[in-house]
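# Survey of secondary and tertiary structure
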Amino acid sequence: MAQSKPIAQGIDITERKQAEETRRKSEEKYRSILENITEGYFENDLHGNLTFFNDSLVEVYGYTRDELMQMNYHQYMDEENVQKVSQAYNKVYTTGEPDGGIQFEIIRKDGTRRCLENSVSLMRDAAGHPVGFRGISRDVTKRKQIEETLRLSEERYRSILDIIGDAYTEIDLAGNMTFINKESFKFLGYSEAEFVGMGYKNYTTPENAKKLFEIYNRIYRTGEPARLVEYELTAKDGTAKIAEATTELMRDKSGNPIGFRTITRDITQKKQMEEALRQSEERYRTIIENIQDGYFEDDLAGKFTFVNDMICKHLGYSREEMIGMSNRLFQDEINAQKANQAFKEVYETGEPIKALDMEIIRKDGTIRFSEVSVSLMRDAQGKPIGFRGISRDVTERKKAEEQLKRYAAELERSNEEVKNFAYIVSHDLRVPLVNLKGYTSELRSALGVIGSNFDAALPHLNDEKRSAVAMALHEDVPEALEFITNSVSRMDSFINAILILARLGRQDLKPEPIDMNALVKTTVETMSHQLQERGIEVIVGALPHVAADRTSMEQVMGNILSNAVKYLDSSRPGRIEVTAQANGAETTFRIRDNGRGIAAEDMHKVFAPFRRAGKQDTPGEGMGLAYVQTLLRRHGGRISCESELGKGTTFIFTIATRSEKGARDA
Amino acid sequence: MPDIQDVTILLVEDDPGHTRLIEKNLRRANIKNEIAFATNGQEALDYLFCEGGYANNKHASHVLVLLDLNMPVLDGYQVLERMKKDERTKRIPVVILTTTDDTREVARCYELGCNVYVTKPVDYEQFCEAIRKLGLFLLVVTLPDGAGG
């Protein structure tokens with residue numbers, strides 16, 4: 001600590017004066033420098049006490065010059081900085097080498113802290129012994145603050161880059177990656193090491209590389225950023241990724257382009273969803289435009305906001321005419337009211353209405369029938385915004401239904417007429433029969449009267465005439481009468497048969513639960529004499545209960561069984577089997593015999609009235625199975641027949657298992 | 001009480017053959033009463049009420065009607081119905097004589113107020129027998145007073 005002291009020496013005063021003057025001037029110069037520099041200048045003894053310093057240092061430390069003089073560094077530092085400073089000074093002391101950058105913090109008199117950077121060197125006396133330290137102290141508090149701010153700022157940007165979901169990349173002008181954030185390599189499936197330095201051609205197809213090049217080239221040429229450009233990139237695994245990128249030119253300080261920075265967003269999924277949505281939308285649009293039904297959307301006031309082609313066709317208006325149109329224009333008051341009521345209900349309940357019958361008036365004035373379904377249309381928040389619906393033109397169907405109803409009524413009528421006709425005819429035909437029979441009898445008895453008186457007249461005739469008259473009287477006339485009588489009898493039995501058939505079709509059926517086992521047993525018992533005599537075996541399986549008219553069932557079973565007995569083959573022992581199977585709503589009965597069977601060409605006659613198949617050796621009118629069929633039909637059942645000539649015949653009939661309210665009329 | 005011999009039988013029948021057969025067999029059954037003929041329901045009513053073609057006739061003192069059912073103009077049911085509704089004719093005995101033997105029609109006729117229902121058998125022997133028995137029945141029938149309107 002070179003506090004200059006005056007030293008008396010016996011030398012030439014002039015010289016000394018001159019030398020003094022020179023030193024004074026030099027000292028003056030250094031003092032002036034020290035007092036004017038902004039950095040602090042200090043000198044310490046070896047204990048760290050301040051021995052000399054300039055004003056700048058005083059200002060930095062915040063103490064007065066007097067306070068600061070001889071102040072030890074322990075007094076204005078915390079323990080951490082004391083350690084740091086003493087270590088640095090020790091090093092300077094032991095090595096003798098100056099240290100140009102000791103950084104530490106001091107605590108000023110007012111308690112505030114300052115960051116200082118000292119350059120320190122060892123101070124020696126004339127003999128070269130260390131006597132202290134001297135140095136320059138710079139206040140770097142502001143610089144430190146700026147550095148910290150910068151560091152924070154950089155950290156902020158870095159963490160932004162890391163937390164944003166988008167990729168941030170910087171590439172040089174050659175197209176190689178120079179900087180990337182985490183998202184960048186994750187996006188394409190590379191590791192950070194793989195990705196940095198990678199050229200863009202490695203993650204694009206050649207075709208896309210060309211496109212990318214054009215984009216970057218334009219940015220380079222114009223200096224304009226390219227915003228939200230979409231292009232395709234190729235991930236490491238080869239899948240295509242769709243990127244949406246904003247790229248701008250990166251320049252150095254002097255404004256020369258040095259590369260590009262890009263924010264890239266992976267919109268692959270968004271694109272896929274958009275595509276799915278587009279396809280779905282297209283699908284629905286295609287359906288709506290191609291269905292045969294009309295599709296419409298209405299606002300809450302009931303005015304069309306959207307219509308498909310078909311509804312335009314139904315109504316005869318163009319699409320332009322229909323948009324904004326209210327239903328009152330194509331509906332009369334009654335139908336418009338009906339529609340409004342329905343729409344109101346849909347609005348209030350939120351429930352759709354289906355198959356509402358409507359009459360609509362086309363633009364040309366013709367009337368069509370339509371069947372409308374309406375539901376409420378809501379926005380994303382669930383607020384009703386209108387109605388949508390399907391309108392089907394059912395005019396043709398309505399017409400067909402009407403037609404069908406008319407046909408059914410006509411059929412009903414003509415069916416009734418046929419039944420009445422059969423009934424009336426069979427009655428009215430009896431009237432002439434009574435006469436035929438009556439007058440034949442009258443004729444026969446008149447003939448008797450003539451015959452008994454004939455002998456008296458004989459002598460008056462010659463032989464030839466006598467024999468001719470006798471022939472007529474005794475042979476021709478009785479024979480003619482006989483034929484007439486027989487024919488009338490046959491006709492009478494036909495008429496009776498028709499009458500029975502007509503009655504079966506008219507009589508009231510009283511369905512009741514019937515134990516078919518008991519019914520068949522009774523039927524078989526009535527035939528027992530015949531069965532025993534001819535050695536016929538009848539096997540009856542377990543039969544279920546049915547719901548039917550008892551008399552009808554007796555007639556059905558009686559007819560089928562007696563038929564089976566009648567047409568057995570006399571060359572083998574007769575065997576008849578009755579079985580049944582209930583399957584759900586129906587029960588199927590089978591009556592199988594080993595009789596003579598029916599030839600295939602005769603099968604169509606089996607159920608026809610007055611038709612008898614095969615050898616005509618048994619009496620009957622051929623009406624039995626016709627009655628059976630009529631009765632079964634009236635019960636909603638049916639009958640069929642399987643047969644093989646010489647083997648046997650099986651009759652199969654079905655009947656409702658459970659009682660239905662009323663058997664339908666056959 | 002009228003003598004049965006004084007009763008006029010009104011035979012209402014559209015078929016002339018039947019008319020003759022019935023008449024013959026009634027006579028053979030020893031029925032000697034006067035028989036009047038009507039070929040349809042309207043004629044029968046005209047006879048009974050002395051209207052139309054019978055406007056100038058005197059009312060028969062006592063009448064018994066043999067009535068067929070299926071006839072033109074007015075059928076047997078209509079004749080029966082009108083007779084039973086009219087104070088003048090409601091006590092006149094009516095015998096239905098027809099070819100129909102349908103149970104429902106038999107029931108309907110009794111409901112309308114017929115006294116006897118006879119079916120004409122097609123077989124002539126049975127026919128003759130039925131008419132003979134009807135004749136015997138008629139011989140013992142007692143008619144109410146004023147049964148002739």
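Per-chain numbering applies: the sequence of each chain, read as written, is numbered from 1 onward. A letter from A marks each chain and a number from 1 marks each ligand, given out in the order of writing. Per-residue local features are limited, in this predicted model, to residues with pLDDT of at least 70; the limit for side-chain atom pairs, both in listing and counting, is 80 or more; totals at the level of whole chains, interfaces and linings are taken over all residues. Calculation of side-chain values draws on the structure's entire complement of heavy atoms; hydrogens and water are dropped beforehand.

### Regarding the overall build of chain A
Put simply, DSSP marks the helices as runs of H or I at least four residues long and the strands as runs of E at least two long, and each gets a number from the N terminus on. Scanning chain A from N- to C-terminus turns up 19 helices and 22 strands. What you see for chain A is a C-alpha radius of gyration of 64 Å, clearly larger than the 26 Å of a compact globule of 666 residues, by over 25%. Across its three principal axes, chain A shows a C-alpha extent of roughly 235 × 70 × 50 Å. Counting only residues that meet the buried cut, chain A has 35% of its 666 residues in that class. This radius of gyration counts C-alpha atoms alone. The globule rule is 2.2 Å times how many residues there are, raised to the power 0.38. Buried, partly exposed and exposed residues are distinguished by accessible area as a fraction of the type maximum, computed with a 1.4 Å probe on protein chains only: under 20%, between the cut-offs, and over 50%, respectively.

### So, the overall build of chain B
Summing up its helical and strand segments, chain B has five helices and five strands in all. In chain B, the order of α-helices and β-strands from amino to carboxyl end is β-α-β-α-β-α-β-α-β-α. The C-alpha radius of gyration of chain B comes to 14 Å, within 12% of the 15 Å expected for a compact globule of 149 residues. Seen through its C-alpha atoms, chain B measures out along the principal axes to roughly 40 × 30 × 25 Å. In chain B, which comprises 149 residues, the proportion classed as buried is 54%. Only heavy atoms matter for contacts: two residues are in contact if any of them lie within 4.5 Å across the pair. In chain B, once contacts between residues fewer than 6 apart in sequence are set aside, the share between residues at least 24 apart is 69%. Working definition of accessibility: Shrake-Rupley area with a 1.4 Å probe, residue cover restricted to the visible protein chains. With the model as given, the accessible surface of chain B reaches about 6,900 Å², and the carbon-plus-sulfur share is 49%. In this count, Lys and Arg are taken as positive residues and Asp and Glu as negative ones, while His and the chain termini are left out. Here the site of a charge means atom NZ of a Lys, CZ of an Arg, CG of an Asp or CD of a Glu. Averaging the positions of the 17 positive and the 23 negative side-chain charges in chain B gives two centres separated by 3 Å.

### Let's talk about the environment of A:Asn335
All names here are of chain A. Position of Asn 335 relative to the elements: it lies in helix H12 (residues 333-349). For Asn 335, a relative accessible area of 8% gives the class buried. In the structure, Asn 335 is positioned 25 residues away from Ile 360 in sequence and 7.8 Å away in space, judged by C-alpha atoms. Asn 335 has contacts with Met 358 and Glu 359, leaving out every residue within four places of it along the chain. We define a polar contact as two N or O atoms separated by no more than 3.5 Å, with the added condition that, inside protein, one atom must be a possible hydrogen donor and the other a possible acceptor, whereas residues neighbouring each other in sequence contribute only through side-chain atom pairs. A polar atom in the side chain of Asn 335 sits 3.0 Å from the backbone nitrogen of Glu 359.

### Observations regarding the domain arrangement of chain A
Bear in mind that the domain bounds are from an automatic or database domain assignment. Under the domain assignment, chain A is made up of domain 1 (37-139), domain 2 (164-272), domain 3 (291-393), domain 4 (430-504) and domain 5 (507-656). On a C-alpha basis, the centres of domain 3 of chain A and domain 5 of chain A stand 61 Å from each other.

### Some details on the sheet that holds strand S4 (residues 113-124) of chain A
Residue and element names in this part refer to chain A. Note: two strands are recorded as paired if DSSP finds a minimum of 2 bridges between them. What the five strands build is an open sheet, ordered S2-S1-S5-S4-S3; its pairing is antiparallel. Two strands close off the open sheet at either side, each with one partner strand: strand S2 (50-53) and strand S3 (99-107). Neighbour to neighbour, the strand axes of the sheet diverge by 30° on average, direction disregarded. Relative to S2, strand S1 (residues 40-45) is paired through three bridges, and the arrangement is antiparallel. Looking at S2, one finds that Asn 44 is bridged to Leu 50. Against the sheet, helix H4 (residues 79-95) contacts S1, S3, S4 and strand S5 (130-139), and its axis sits at roughly 155° relative to S3. For every element, the axis is a line fit to its C-alpha atoms; helices are fit only across the contacting stretch, and the angle between N-to-C directions ranges from 0 to 180 degrees.

### Some points on the sheet that holds strand S7 (residues 177-180) of chain A
Residues and elements named next belong to chain A. The strand order across the open sheet built from five strands is S7-S6-S10-S9-S8, with neighbouring strands paired in antiparallel fashion. Each of the sheet's edge strands pairs with one partner strand only, and the pair in question is S7 and strand S8 (226-234). The average undirected angle you get between the axes of adjacent strands in this sheet is 30°. Bridge count between strand S9 (residues 240-251) and strand S10 (residues 257-266): nine bridges; the pairing is antiparallel. When the sheet's bridge partners are listed, Thr 247 is paired in S10 with Thr 262. Set on the sheet, helix H9 (residues 268-290) makes contact with S8, S9 and S10; between it and S9 the angle comes to about 130°.

### A look at empty space enclosed by the protein
All names here are of chain A. Points on a 1 Å grid over protein atoms alone make up a cavity when a 1.4 Å probe fits among them but cannot get out, and a pocket when they form an open set with protein on both sides within 12 Å along at least five of seven lines; lining residues each have an atom within 4 Å of a point. Grid points are joined across faces, edges and corners, and a volume is the space filled by probe spheres set on the points. As enumerated under the stated definition, the model contains two cavities of 30 Å³ or more in all. Roughly 150 Å³ of volume is contained in the largest cavity. Considering the residues around the largest cavity, the lining is formed by 16 residues, among which Thr 169, Met 177, Tyr 203, Leu 233 and Thr 264 are closest to the centre. Of all the secondary structure elements, the ones that give two or more residues to the lining of the largest cavity are strand S6 (167-172), helix H6 (182-188), helix H8 (206-222), S8 and S10.

### With respect to the pattern of salt bridges
Salt-bridge detection follows one rule: a side-chain nitrogen of Lys or Arg within 4 Å of a carboxyl oxygen of Asp or Glu. For the coordinates displayed, the defined rule picks out 53 salt bridges over all chains. Among the ionic pairs, A:Asp309 bridges to A:Arg319, the shortest N-O distance being 2.6 Å. Remark: A:Arg319 occurs in helix H11 (residues 319-322) and A:Asp309 occurs in helix H10 (residues 309-315); sequence separation between them is ten residues. With a relative accessible area of 43%, A:Asp309 lands in the partly exposed category. Taking the shortest distance from any N to any O, the salt bridge between B:Glu129 and B:Lys133 comes out at 3.8 Å. Linking B:Glu129 with B:Lys133, this pair stays in helix H5 (residues 124-140), spanning four residues, or about one helical turn. We classify B:Glu129 as partly exposed; its relative accessible area is 31%.

### As for the nonpolar core
Ranked by internal contacts, the top residues of the largest apolar core, which has 39 residues, are A:Met516, A:Met553, A:Met557, A:Ile560 and A:Phe653. It is helix H18 (residues 550-566) of chain A that contributes the most residues to this core, seven residues altogether. With residues up to four places along the chain from it excluded, the contact list for A:Met553 reads A:Ile514, A:Met516, A:Leu519, A:Ala548, A:Leu632 and A:Ile655. Here, nonpolar core refers to any group of buried Ala, Val, Leu, Ile, Met, Phe, Trp, Tyr and Cys residues whose side-chain atoms link them within 4.5 Å. Ranked by size, the runner-up nonpolar core spans 28 residues in total, among them A:Val488, B:Leu11, B:Leu97 and B:Tyr124.

### Digging into the packing of aromatic side chains
Pairs were defined over the aromatic rings of Phe, Tyr and Trp, the Trp ring being its six-membered one, requiring ring centres within 6.5 Å. Orientation was assigned from the angle between planes: stacked under 30 degrees, edge-to-face over 60, tilted for the rest. Per the stated rule, a full pass over the model turns up 16 aromatic pairs over all chains. A ring pair is formed by A:Phe296 and A:Phe343, whose centres lie 6.5 Å apart and whose planes are at 20°; its orientation type is stacked. Of this pair, A:Phe296 sits in strand S11 (residues 294-299) while A:Phe343 sits in helix H12, and the two are 47 residues apart along the sequence. In terms of burial, A:Phe296 and A:Phe343 fall into one category: buried. Ring centres 5.8 Å apart and planes at 15° place the aromatic pair B:Tyr124 and B:Phe127 in the stacked group. Remark: B:Phe127 and B:Tyr124 occur in helix H5; sequence separation between them is three residues, near one turn of the helix. Judged on exposure class, the residue B:Tyr124 and its partner B:Phe127 are both buried. Members of the aromatic cluster, each reached through a chain of ring pairs, are A:Phe296, A:Phe304, A:Phe330, A:Phe343 and A:Phe387. A cation sits over an aromatic face here: A:Lys29 above A:Tyr30, 5.8 Å from the ring centre. Over a ring means this: the NZ of a Lys or the CZ of an Arg is within 6 Å of the ring centre and within 35 degrees of the ring normal. Directly above the ring of B:Tyr77 sits B:Arg108, whose terminal nitrogen or CZ lies 3.9 Å from the centroid.

### Topic: the side chain of A:Asn308
Residue and element names in this part refer to chain A. Inspection of the secondary structure puts Asn 308 in the loop between strand S12 (304-307) and H10. Classification of Asn 308 by relative accessible area gives buried; the value is 0%. Reaching out from Asn 308, the side chain makes a polar contact with the backbone oxygen of Asp 293 at a distance of 3.2 Å. If sequence neighbours within four positions are ignored, Asn 308 has contacts with Ile 288, Glu 289, Ile 291, Asp 293, Gly 294, Tyr 295 and Arg 319.

### Observations regarding the pairing of strand S20 (residues 586-593) of chain A
All names here are of chain A. Pairing geometry for strand S19 (residues 575-583) and S20, over eight bridges, is antiparallel. Bridge pairing links Thr 579 to Arg 590 in S20. Between S19 and S20, which pair antiparallel and follow one another directly, the connecting turn spans two residues, one of which, Gly 584, has a positive phi of 70°. For S20 and strand S22 (residues 648-656), the ladder comprises seven bridges, and the chain directions are antiparallel. If you follow Thr 588 over to S22, its bridge partner there is Thr 654.

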